[in-house]
Amino acid sequence: MQPAEARISSAFIWRRVHSLMGLWLVLYLAEHLLVNSQAALWLGEWGHVFIQMVNSLESIPYLPVVETVLIGVPLVIHGVWGIHRALTAKLNSSKSDGTAPSLPYGRNRAFTWQRLTSWILLFGILGHVIQMRFLEQPKKVNEQWVVQVSADERLPPLAEKLGVQLVSEGRVVHATANSPGAAMLLVVRDTFKSPLMIVLYTIFLLAAAFHAFNGFWTFLITWGIILSARSQRAMIPLSIVGMGLLTFLGLAAIWGSYWLVK
Ligand code: HEM
């Protein structure tokens, strides 16, 4: 048997694996928001690049397996240890009656927000996956992709541009597209017609942008990349730029896909 001091504790291994999965999720989040921003950004000629990107992702062989292994498993591993860490954390950045420490400094607040945002992410990701993967996912019928959206006056001209056929049944419109990307663009656009969805997704996005890049900063410390106070300070602007970029890309999809795409 190894002496106690030579053994690596399971908490140490969990911490490292959690951290690596966190970095992986930051990369995935950046890719995901880049694709979705193209639903609305002028770069994408009003949804054109979004459709292309979704179509190429959908053409990956064994996509459900690839998604489960590359996104689902890292998220579950990160989430399980994350929930444990969030439940056992001792938050100390708010005012106290003197019976507990009160340290209202930047890093203590960031520690608190990393944990608060993890709850928003947990429920946000569950809701988002149920909505987009199970409830609203385009259905493939004879090499066509069918979705249900609600009628509005700007839908018919857009559908004509995208080569999508519409069949109305009162306020419900059955849209048939010849690519998964075009069908998904209509789903995203339809989701963000609702002010409630806009508010919920904006909160979700802000939480994700903060969690990802505050987490990126703590990741650099976890792995000993920034140890001196000077190097830690120097990385703060980079983390803020990262948060800003993710926020910009996500807000473009949330606020632009209905209001800008014509
Ligand atoms: C888009 C999803 C997510 C991304 C991009 C992400 C990213 C990260 C990153 C990069 C870290 C820093 C790791 C380190 O300090 O070495 C981190 C930490 C953390 N994450 Fe996440 N995370 C996500 C989802 C979640 C979820 C769903 C939970 C839990 C419910 C969670 C809970 C935590 C906690 C508690 C920490 C701090 C751990 C510590 O300091 O020991 N995260 N996350």
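Everything numeric in this text was worked out from a predicted model, so none of it was measured.

Engineer: Help me understand the overall build of the protein chain, please; the structure alone is not making it clear to me.
Structural biologist: Check the secondary structure of the protein chain and you find 8 helices and 4 strands. Counting only C-alpha atoms and orienting by the principal axes, one finds that the protein chain spans roughly 70 × 45 × 30 Å. Taking all 262 residues of the protein chain together, the buried fraction comes to 27%. Partitioning the contacts of the protein chain with sequence separation of at least 6, the portion at a separation of at least 24 is 68%.

Engineer: Explain the nonpolar core to me, please; I cannot follow it from the model alone.
Structural biologist: One finds Ala 183 and Leu 186 to be the most contacted residues of the largest nonpolar core, which totals 46 residues. Listed by contribution, the elements that provide at least two residues to this core are helix H1 (10-37), helix H2 (48-58), strand S2 (144-150), helix H5 (155-162), strand S4 (172-177), helix H6 (180-191), helix H7 (195-222) and helix H8 (229-259). Per element, the largest residue contribution to this core is 9 residues, and it comes from H7. Aside from chain neighbours lying at most four places away, what touches Leu 186 is Val 147, Val 149, Val 164 and Ala 175.

Engineer: Explanation requested: the site of the ligand in the structure shown.
Structural biologist: Taken together, 26 residues are adjacent to the ligand, and Ser 19, Gly 22, Gly 82, Gly 215 and Thr 218 come closest. Taken together, the elements giving at least two residues each to the shell around the ligand come down to H1, helix H3 (63-88), helix H4 (106-135) and H7. In terms of residue count, the dominant contributor to the shell around the ligand is H7 (8 residues). Among the residues forming the shell around the ligand, the class breakdown is 13 nonpolar, 11 polar and 2 charged.

Engineer: Could you clarify how one ought to interpret the pairing of strand S3 (residues 165-169) in this entry?
Structural biologist: Burial analysis of S3 places just 0 of its 5 residues in the buried class, which makes it a mostly uncovered element. Note that S3 and S4 share 5 bridges and pair antiparallel. When the bridges of S4 are listed, Leu 166 appears paired with Ala 175. Taking the residues that link successive antiparallel strands as the turn, the S3-S4 hairpin has 2 residues, and the phi of Gly 170 there is positive, at about 70 degrees.

Rules used in this analysis
- Residues numbered from 1 in each chain as written.
- Predicted model: local features only at pLDDT ≥ 70, side-chain atom pairs only at ≥ 80, totals over all residues.
- Helix = DSSP H or I, 4+ residues; strand = E, 2+ residues; numbered from the N terminus.
- Buried ≥ 20, exposed ≤ 12 C-beta atoms within 10 Å, placed from the backbone.
- Contact = placed C-beta atoms within 7 Å.
- Core = buried A, V, L, I, M, F, W, Y, C linked by C-beta atoms within 7 Å.
- Near = placed C-beta within 6 Å.
- Nonpolar A, V, L, I, M, F, W, Y, C, P; charged D, E, K, R; others polar.
- Pairing = 2+ DSSP bridges.

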